[in-house]
Amino acid sequence: MSTTKAPTLAVVKQEEGVGLRVLQPSGWPMPKGYANGISADGRIVVTGGVIGWDANETLAEGFVAQVRQALQNIAAILAEGNAGPEHLVRLTWYVVDMDEYLANLKDLGRIYREIFGSHYPAMALVQVVRLVEKAARVEIEATAVVPR
């Protein structure tokens, strides 16, 4: 009977003073713009589904502008919980049009780095039929872990 050996996990990057470790199985290709896994120890800060509207509940015009506002909103929620983008361990994106997301990858990457820097947590991207706010094009959930 042969057994399949699971890939070993290699720690690719340990965030200094943040308590996070990016987990990358050895031999796997490096992901672009996200991490395969993150290990963290600390206090959890979680957002609900965040959309691209301002404090007056006015949605930004267009997909890219809504992503920018949603990421800014997440940064504000994290700050309220004494956390920052460097503490993010997971983002889940819900988009109403996958092709719209894929067509804007360059702008999305630039905006992401402007707001969150070069820290890339584990991420998932899901296309949905619609969001609660009919004009919303994207909704993002975030989980952060702040070191003790």
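Our structure's up above, just so we're on the same page.
Scope of this entry: the structure provided in the associated data block. (Residues numbered from 1 in each chain as written. Predicted model: local features only at pLDDT ≥ 70, side-chain atom pairs only at ≥ 80, totals over all residues. Heavy atoms only, no water.)

Overall, the coordinates contain 5 salt bridges when judged by the stated rule. A salt bridge links Asp 107 to Arg 110, with the nearest nitrogen and oxygen atoms 3.4 Å apart. With a gap of 3 residues between them, Asp 107 and Arg 110 both fall in helix α3 (residues 105–116), about one helical turn apart. Ionic pairing is found between Arg 110 and Glu 114, a salt bridge with its closest N-O pair at 3.1 Å. Taken together, the residues Arg 110 and Glu 114, both in helix α3 and 4 residues apart, mark about one turn of the helix. Where salt bridges share partners, they join Arg 68, Asp 107, Arg 110 and Glu 114 into one cluster. (Salt bridge = Lys/Arg side-chain N within 4 Å of Asp/Glu carboxyl O. Helix = DSSP H or I, 4+ residues; strand = E, 2+ residues; numbered from the N terminus.)

This part covers the nonpolar core. Residues Phe 63, Leu 71, Ile 74, Leu 91, Trp 93, Phe 116 and Ile 140 are the most contacted members of the largest nonpolar core, which totals 25 residues. When residues of this core are traced back to their parent elements, those giving at least two are α1 (63–80), β6 (88–95), α3 and β8 (138–146). In terms of residues, this core owes the most to one element, α1, which gives 7 residues. For Ile 74, the contacting residues outside a window of four places in its chain are Val 50, Phe 116, Ile 140 and Ala 142. Core analysis: the second largest hydrophobic core is formed by 6 residues, Val 22, Ala 35, Val 89 and Val 145 among them. (Core = buried A, V, L, I, M, F, W, Y, C linked by side-chain atoms within 4.5 Å. Buried < 20%, exposed > 50% of the residue type's maximum accessible area, 1.4 Å probe, protein only. Contact = heavy atoms within 4.5 Å.)

Looking now at the environment of Gln 66. Its location among the elements puts Gln 66 in helix α1. C-alpha separation for the pair Gln 66 and Trp 53, spaced 13 residues apart in sequence, amounts to 7.0 Å. Of the polar contacts made by the side chain of Gln 66, one reaches the backbone oxygen of Ala 60; its length is 3.2 Å. (Polar contact = N/O pair within 3.5 Å; in protein donor to acceptor, adjacent residues only side chain to side chain.)

Of the volumes computed, that of the largest pocket is approximately 370 Å³. Around the largest pocket, the lining is made up of 15 residues, and of these Lys 32, Gly 33, Tyr 101, Leu 105 and Met 123 lie nearest the centre. Residue assignment for the lining of the largest pocket shows that the elements contributing at least two residues are α2 (98–103), α3 and β7 (122–127). Ranked by residues supplied to the lining of the largest pocket, first place goes to α3 with 5 residues. (1 Å grid on protein atoms, 1.4 Å probe; cavity = no way out; pocket = protein on both sides within 12 Å on 5 of 7 lines; lining within 4 Å. Points joined across faces, edges and corners; volume = space filled by probe spheres on them.)

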